[in-house]
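# Structural description and commentary
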Amino acid sequence: MYVKWMDNGRGRIWLSTLGLKAFVESHLPEGVSCRDIEFLGEKNQIFLSLVLSDTTLYLDKLSTSEELTERLEALGLDAVVSWKHVSDVEGEDGPGLTERPYFWGIIGAVVAALLKLGLKGTLECLLAGAAFYGFAFFFRSDKGQHWTSRIARFFKEMMD
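Counting restarts for each chain: residues are numbered from 1 in the order of the written sequence. With pLDDT at 70 or above as the cut-off, local features in this predicted model cover only qualifying residues; side-chain atom pairs require 80 or more to be listed or tallied, and sums for whole chains, interfaces and linings still use all residues. In computing side-chain values, all of the structure's heavy atoms are included and hydrogens and water are not.

### A word on the packing of helix H4 (residues 101-140) against helix H5 (residues 142-159)
Where H4 contacts H5, the axes come no closer than 4 Å and their chain directions differ by 85 degrees. The pairing of H4 with H5 is recorded here as roughly perpendicular in orientation. For the pair H4 and H5, the contacting residues are Phe138, Phe139 and Arg140 in the first and Asp142, Lys143, Gly144, Gln145, Trp147 and Thr148 in the second. Each residue gets one of three labels, nonpolar for Ala, Val, Leu, Ile, Met, Phe, Trp, Tyr, Cys and Pro, charged for Asp, Glu, Lys and Arg, and polar for the others, Gly among them. Counted by class, the contact of H4 with H5 contains three nonpolar, three polar and three charged residues. An axis is simply a line fitted to the C-alpha atoms; with a helix, the fit covers only the stretch in contact. Between two such axes, the angle follows the N-to-C directions and lies from 0 to 180 degrees. Helix and strand labels come from DSSP, where a helix needs a run of H or I of at least four residues and a strand needs a run of E of at least two; each type is numbered from the N terminus. What sets the label is the angle itself: under 35 degrees gives roughly parallel, over 145 gives roughly antiparallel, 65 to 115 gives roughly perpendicular, and the rest give oblique. Contact definition: two residues touch when any of their heavy atoms are within 4.5 Å.

### Here's the deal with the nonpolar core
Here the nonpolar core consists of buried residues drawn from Ala, Val, Leu, Ile, Met, Phe, Trp, Tyr and Cys, with membership extended through side-chain atoms lying within 4.5 Å. Exposure categories follow from relative accessible area, calculated using a 1.4 Å probe and restricted to protein chains: below 20% of the type maximum is buried, above 50% is exposed, and the middle band is partly exposed. In this structure, Leu20, Val24, Leu28, Ile37, Ile46, Leu48 and Leu50 are the most contacted members of the largest nonpolar core, which totals 18 residues. Those elements giving two or more residues to this core turn out to be helix H1 (17-26), strand E3 (32-40), strand E4 (45-52), helix H2 (58-74) and strand E5 (78-85). Those residues in contact with Leu28 that lie beyond four places of it in its chain are Ser33, Cys34, Leu50, Thr64 and Leu68.

### A closer look at the pattern of salt bridges
By definition, a salt bridge exists where a carboxyl oxygen of Asp or Glu is found within 4 Å of a side-chain nitrogen of Lys or Arg. In this structure the tally under the stated criterion is one salt bridge. When the shortest N-O distance is used, the salt bridge between Glu67 and Arg71 registers 3.1 Å. Note that Glu67 and Arg71 are positioned in helix H2 at a spacing of four residues, about one turn of the helix.

### Considerations on the confidence of the model for the protein
Averaged over all residues, the pLDDT of the protein equals 81, while 86% of them reach at least 70. Of all helices and strands in the protein, the one with the weakest mean pLDDT is helix H3 (residues 86-90) (61), whereas H4 scores best (90). Each residue carries a pLDDT score, the predictor's confidence in it, ranging from 0 to 100.

### Looking at H4
An expected span of 1.5 Å times one less than the residue number is assigned to each helix. Relative to the 58 Å expected for 40 residues at 1.5 Å per residue, H4 spans just 24 Å between its end C-alpha atoms, considerably shorter than the ideal helical length. Two axes define the bend at a residue: one fitted to the seven residues ending there, one fitted to the seven starting there, and the bend is the angle between them. Leu117 marks the point of greatest bend in H4, at about 120 degrees. All buried positions along H4 are accounted for by Phe103, Ala113, Gly121 and Thr122.

Below, the structure is given as structure tokens:
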């Protein structure tokens, strides 16, 4: 996914979160991995969430944090590093599917649609929902965002 970093006189500068994650992981010692990268545009900061094994020492964490922030500062990015242990991350799976409210909401909607619309009407609604889900999934991807920006640029040029 690309996130807007800044505007300048020649346009906008976008950052690839996957590219940043690969850059960060290439500078991490063994036993440490990058779990997530979040860009805080209003503060012009990158928030790194790193996961380390139980064998990694505190001094390694400190030196790794300092090295990463220095390397990202050289790119013009202010970085904040957060650390978690593998044992903490493994317990964050969350509730199962049947324990989530949206699951029961969908089941209730399908049952109501079957009673009200019949099988054919329900299948048509589910097909339309799947198509809209597919469109939304595509337009949130890197390729979809590229097409969205091209379409927006086309309409902007038409308006000018």
